[in-house]
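Listed below are the residues making up each chain.
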Amino acid sequence: MVEPPGTGNMGSQREVPIDPFGTIDPYGGAGRPESLTASLLVASPRLADPNFGRRVVLVLDHGTHGALGLVINHPGGVQVHELLRPWAPLASPPSEVFTGGPVARNAIIGLVRIRRGADGTPEGWRPLFGPDSPIGTVDVGSDPAPVASSIAGARLFSGYAGWDAGQLEAEIDDGSWYVVPADEGDLLTEDPEGLWQHVLHRQGGVLSVLSRIPVDPSCN
């Protein structure tokens, strides 16, 4: 994993054990889409990088320039009210600042769900799944109080994951990630520890089988 283009290459530290399930199409037979924005990257059991093992990443931006995403299943242990008190009443449980990735850990990114039919949106609102999407990113430096009634849930992330041009594609082809559609319920889940298994299980087929593989396959 790397910082944004031009800021240096951190690389992935991974060990690649024998895959007992053979070659798995990381795109589920759908072929590689032009853009992975708003998709989920689910770490393969073989990905041993401590930053990304058994993690689920929401891709916020992807193109020829590279990619940027948020790890959405890694609670960071720091309560929201300790860093950004105005957002604490709106935070979805668990009310912690999540670790979004190893890049720019001092940067805070906000992910918000807007109520259907809401009259207003938070400052810096950027819908994720198209113009009518109820989920998007916001400017967490702004006061959410004026539009608090429009916000159904929020999650704050410290840092993010970044890839240089072509690096994410190479990691996917190498078997480090599976690309699957995001469900809106994934993004502010109340069970982040179970998200990796849940997302794989609902895909069916071999990915459902992989969801039950232990952290140490030799224990199976």
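Nothing here was measured: the structure is a model prediction, and the numbers come from that model.

Asker: Just checking my understanding: could you explain the nonpolar core for this structure?
Answerer: Considering soluble globular proteins, one finds that nonpolar side chains tend to be buried as a cluster. By size, the foremost hydrophobic cluster in this structure holds 43 residues, and its most contacted members are Leu 41, Ile 72 and Trp 177. With 5 residues, strand β2 (residues 56–63) is the largest single contributor of residues to this core. With 13 residues, the next largest nonpolar core counts Val 80, Leu 90, Val 97 and Ile 151 among its residues.

Asker: How do you make sense of the pairing of strand β8 (residues 135–138) when you look at a structure like this?
Answerer: Remember that side chains alternate between the two faces of the sheet whenever the strand is regular. Judged from the 4 bridges that link them, strand β6 (residues 103–114) and β8 form a sheet pairing that is antiparallel. Each bridged residue has a counterpart across the sheet, and for Leu 111 the counterpart in β8 is Thr 137. The pairing of strand β7 (residues 126–127) with β8 spans 2 bridges and is antiparallel. Bridging across to β8, Pro 127 finds its partner in Gly 136.

Asker: Any chance you could explain the side chain of His 62 here in plain terms?
Answerer: Along the chain, the position of His 62 falls in strand β2. Dropping the residues within four chain positions of it, His 62 is found in contact with Glu 34, Ser 35, Leu 36, Thr 37, Ala 67, Leu 168 and Glu 169.

Asker: What is the right way to look at the pattern of salt bridges in this model?
Answerer: Pairing is possible between side chains that carry opposite charge, provided their charged atoms lie close to one another. This model, assessed by the stated rule, comprises 4 salt bridges. Of the charged contacts, one joins Glu 184 and Arg 113 as a salt bridge, the two residues approaching to 3.7 Å between their closest N and O atoms. Here the residue Glu 184 occupies a position in helix α3 (residues 184–187), and Arg 113 occupies one in strand β6, the gap between them amounting to 71 residues. For Arg 113, a relative accessible area of 23% translates into the label partly exposed. Here Asp 186 makes a salt bridge to Arg 202, at a shortest N to O gap of 2.6 Å. Of this pair, Asp 186 sits in helix α3 while Arg 202 sits in helix α4 (residues 195–202), and the two are 16 residues apart along the sequence. Linked through salt bridges whose partners overlap, the residues forming this network are Arg 113, Arg 116 and Glu 184.

Asker: For this particular structure, what's the right way to read the side chain of Ser 44?
Answerer: Tracing the chain through its elements places Ser 44 in the loop between β1 (39–43) and β2. Only 3.2 Å separates the side chain of Ser 44 from the backbone oxygen of Gly 175, close enough to count as a polar contact. Beyond its immediate stretch of four places on either side in the chain, Ser 44 contacts Gly 175, Ser 176, Trp 177 and Tyr 178.

Conventions we followed
Residues numbered from 1 in each chain as written. Predicted model: local features only at pLDDT ≥ 70, side-chain atom pairs only at ≥ 80, totals over all residues. Heavy atoms only, no water. Core = buried A, V, L, I, M, F, W, Y, C linked by side-chain atoms within 4.5 Å. Buried < 20%, exposed > 50% of the residue type's maximum accessible area, 1.4 Å probe, protein only. Helix = DSSP H or I, 4+ residues; strand = E, 2+ residues; numbered from the N terminus. Pairing = 2+ DSSP bridges. Contact = heavy atoms within 4.5 Å. Salt bridge = Lys/Arg side-chain N within 4 Å of Asp/Glu carboxyl O. Polar contact = N/O pair within 3.5 Å; in protein donor to acceptor, adjacent residues only side chain to side chain.

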